[in-house]
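The residues making up each chain are set out below.
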Amino acid sequence: MLSTPALVLAIILFGLGLIGLLSRRNILYMLLSLEIMLNAAALAFIAGGARWGQVDGEIMFLFILTLAAAEVSVALGIVLQLSHRFRTLDADAFCEMRG
Amino acid sequence: MEILFYIAAAVTFLATLRVITHVHAVHALLYLVVALIALSLIFYLLGAQFAAALEIIIYGGAIMVLFIFVVMLLGPLAVEQERTWLSPSAWVGPCILALVLLGEVGYLIASGDHPTMAVAEPRQKAISIALYGPYIIGVELASMLLLPGLIGAYHLGRRLSSEARSC
Amino acid sequence: MLSLLWLIPVLPLAGFLLLALCGGRLSRQQIAWVGCGSIGAAAVTTALVAIDFFSLFPAREFYQQTSWNWIDTSGMTVGISWYLDALSLLMVAVITGIGFLIHLYSAEYMAHDDGYARFFAYMNLFVSAMLTLVLADNLLLLYLGWEGVGLCSYLLIGFWYREPEYGTAAQKAFIVTRIGDTALAIGLFILFTQFKTLSIQQVQSLATEAWPVGSNVAMIVAMLFLIGAVGKSAQLPLQVWLPDAMAGPTPVSALIHAATMVTAGVYLIARMHHLFELAPMVQEGIAVLGLVTLLLAATSALVQQDIKRVLAYSTMSQIGYMFLALGVGAWPAALFHFLTHSCFKALLFLAAGSVIHSLHHEQNIFKMGGLRRHLPWTFWTFLIGAAAMSGVPLITSGFYSKDWILWSVWSSPLSHRWIWFGALLGAMLTGLYSFRLIFRVFFGEVRTQPTGESGLAMRLPLVVLAFLALTVGFLEMPHTLGNVTLFSQYLSHALPTTTLLPGMDESSEVREQLAVTIAALLGIGLAALLFLPGSLFGARETDQSTTHPSMTLLQAGWGFDRLYDRLFVQPWLAATRNSSDMVDRGYEWLAVCAESCHGWLSHTQTGQVRWYAASIAVGTLMLLGLFAM
């Protein structure tokens, strides 16, 4: 079956996303990395669903999709706000909440 | 079958790698679209056609379009080197990867070897029944999540436009 | 029509909501219509309910109605449910009837006040809460009304909130009555833990079954209820708030601090009479408390300079009579005095308000005088009220109710002779201080020029109340005079009848009545001797000469304010000042701890999103590692 290699791919994609999230300073790229991580999670669910022949994996994918849609719409609104306020997309520049 | 999967996985991996390493936002987005399409092919090969279709329509379509709009709205911040975008080298990578995927899809259609076509219809039915049966709470929660998402996005965007007007 | 019962408390509530929500947009006339109309409608509903109630009366003694469930948990069900019997119907009739007259009066009295809508809103809320109190089927709903009237009392005493001292008076009333309310609440808790129900009827029938007479639990609960009643009814030792409560507008004093709210304690004791019968010692305590209060208040009323404070002390004194009657087991007599007292005391307050109104808010009786000719309506009605309060024989209602109380005190097995003599002395003092007011205010030479008699809306309630103050007494006449027993027959379906000592015959009753008559007339005569113009103290311009220490003590209401200040307020203030360091150190240590922890942890708050994301990732990894192990 393809489930095991699919899970390995999901892990690789998740790791790539995490690396991107942590290494990129541009907030737009951080969002893209988040999308990759979400997709990796979705892939893992689909693979699991395929392994056991059940629909639950796809249903979880649907929920991830919903979550991603809501997250992206709000996050992009915030990105627009930030870029207007700070005139930059550098995530490290938005550190006014430093303790 | 397996070889198709491994090719698609390689395409996904390469495209994702380019997403996180690329300098230009629009290029990165293009690679991400390719990665998503490759992923949807993997979904198809895993027997989840419905998920594959949604992956292309909503992820590759709607959500990526949102990203592109925002990149455009960001203007000079994201478009520092606008001229280089039009250079052929930017298009080559995504094009190659997309062609690989196209080949795979063409092979799938030509071979007529549809892994899960036989069980497809009862599977959609089962998804729908499960969604509105045991998962109904999840659906409600998702709708409750989407509504604040809508309001939040509207609110953030509205304040932006009013500030822009006052400036 | 009985099913309309729920409308009686709801109508004033609707009036309150209307005035509170859109009172600012209504004209003064509309406000007056809404404010008086809601009470008038409640009074009409009461009349309809009463007609239906009486059509089946002796056969059906009570009517119960549940509007809806208020609290419904396992083990506790409390409904918004109403209970109408002879006792609550009497209360409701007095509250809506006299309440309507007072609202009508205020429509003119308050006509030039800024807070016109606010005033009527509070008044309507008060009437609604008071009706809830008396119609409640369970103790929790009763308590809701009980707190509601306390709140409205607070709001209305401090109605002119721009004067700081009025605000202080309002707070004082609120806090002092709170002591009683707390005791009442504890009593409720005990009853609930014992019987798992709060329905008044069930609680009492269960209590009579479960507790023997004089048992400790019954004593404690009765004691707690008594403290609650004492706080609300301004009896010793929680009486200090009532004189200061006169800071409110005069119609408020008439409605809340004379006719209705302060008698809530009387109602509570009468309503819970089965409980109090289980605790004879507490009941005896009620009688003594009532006697002491009535004497203290009567002596204080003798020397007050403020017309409203005289009436406030007289209210305390008259409620003392009611408590005395309750204490000796003369339940109907107490309620009868409540009825007559509501009429003549509301009348006195409203007439006093009319005087104050025409004298530009002058309340000092030493600056009044000779108003008899200028304010004839007010004079005659005030005279009737004062006569009723003093108990002028045969023609006034006060005579019949007070005579009934004194006769019960004389003849009850629960009483003593010295209590009767004290009460008789009180009756004499009542005549003295009532007519001192009359002679000071309406006789002699004019000291402040009045602006003239008030309008119809103020005169009409005065006349109606004066009529009532004269005639209500004919509902119950002793069998040596007329022998009318309408009232006691009516109440015998809700309250036990008075038991008499053996050997009490007509001749002793006649002797007792003669004593009461003589006491009242003696008081009035003494007042004429002392305070009429040209008599002993009559010509005195001010009260400055009465600087004798005993006088100042009396004027301060026997100095209870100072006593409480010394006993409770000062020690408490001293305690807080001295021990503040000890207690504070513990809290300071907590604060220092929190601050240093904050100092360390705030380094992790870099404000960088990527740092947070990394820490989430590391945390997740560590958790996964834990699961893997």
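Residues numbered from 1 in each chain as written. Chains lettered and ligands numbered in written order. Predicted model: local features only at pLDDT ≥ 70, side-chain atom pairs only at ≥ 80, totals over all residues. Heavy atoms only, no water.

1. What to know about the overall build of chain B
Here's step 1: Secondary structure summary: chain B contains seven helices and zero strands in total.
Here's step 2: The helix and strand sequence of chain B, counted from the amino end, reads α-α-α-α-α-α-α.
Here's step 3: Looking at chain B residue by residue over its 167 residues, the buried ones come to 41%.
Here's step 4: Across chain B, the fraction of contacts at a sequence separation of at least 24, relative to all contacts at a separation of at least 6, is 69%.
Here's step 5: Summed over all atoms, the accessible surface of chain B reaches about 9200 Å², with 74% contributed by carbon and sulfur. (Helix = DSSP H or I, 4+ residues; strand = E, 2+ residues; numbered from the N terminus. Buried < 20%, exposed > 50% of the residue type's maximum accessible area, 1.4 Å probe, protein only. Contact = heavy atoms within 4.5 Å. Areas by Shrake-Rupley, 256 points an atom, 1.4 Å probe, with all protein chains shown as cover.)

2. Re the pairing of strand S1 (residues 62–73) of chain C
Residues and elements named next belong to chain C.
Here's step 1: Two elements, S1 and strand S2 (residues 76–85), share ten bridges in a ladder whose sense is antiparallel. Within S2, the position partnered with Gln65 by the bridge is Trp82.
Here's step 2: The loop that links S1 with its antiparallel partner S2 comprises two residues; one of these, Gly75, has a positive phi angle of about 90 degrees. (Pairing = 2+ DSSP bridges.)

3. Some points on the packing of helix H4 (residues 116–135) of chain C against helix H10 (residues 250–259) of chain C
All names here are of chain C.
Here's step 1: Relative to each other, H4 and H10 sit at 5 degrees, their axes nearing to 11 Å. The angle between H4 and H10 places the two elements in the roughly parallel class. Facing H4, whose interface residues are Phe119, Met123, Phe126 and Val127, H10 presents Pro251, Val252, Leu255 and Ile256.
Here's step 2: Classifying every residue of the contact of H4 with H10 gives eight nonpolar, no polar and no charged. (Axes fitted to C-alpha atoms, helices over the stretch in contact; angles between N-to-C directions. Parallel < 35°, antiparallel > 145°, perpendicular 65-115°, else oblique. Nonpolar A, V, L, I, M, F, W, Y, C, P; charged D, E, K, R; others polar.)

4. Side note on the interface of chain A and chain B
Here's step 1: With 54 residues of chain A at the interface, the matching set in chain B holds 56 residues.
Here's step 2: When the two sides are added together, the surface that chain A and chain B hide from each other amounts to roughly 5000 Å², 80% of it contributed by carbon and sulfur.
Here's step 3: Among the residues of chain A in contact with chain B, Leu2, Leu32 and Glu58 of chain A are the three that bury the most area, contributing 12% of the side total.
Here's step 4: For the pair chain A and chain B, the interface holds zero salt bridges.
Here's step 5: Between the two partners, chain A and chain B, sit seven residue pairs in polar contact (both at pLDDT 80 or more).
Here's step 6: Where the side of chain A that touches chain B is concerned, the elements lending two or more residues are helix H1 (3–23), helix H2 (27–52) and helix H3 (56–86) of chain A. (Buried area = accessible area lost by both parts, 1.4 Å probe. Salt bridge = Lys/Arg side-chain N within 4 Å of Asp/Glu carboxyl O. Polar contact = N/O pair within 3.5 Å; in protein donor to acceptor, adjacent residues only side chain to side chain.)

5. Digging into helix H3 (residues 86–109) of chain C
Here's step 1: Across its 24 residues, H3 of chain C extends 34 Å between first and last C-alpha, which sits within 8% of the 34 Å expected from 1.5 Å per residue.
Here's step 2: For H3 of chain C, the tally of buried residues reaches 20 of 24 residues, placing the bulk of the element in the interior. (Expected span 1.5 Å × (residues − 1).)

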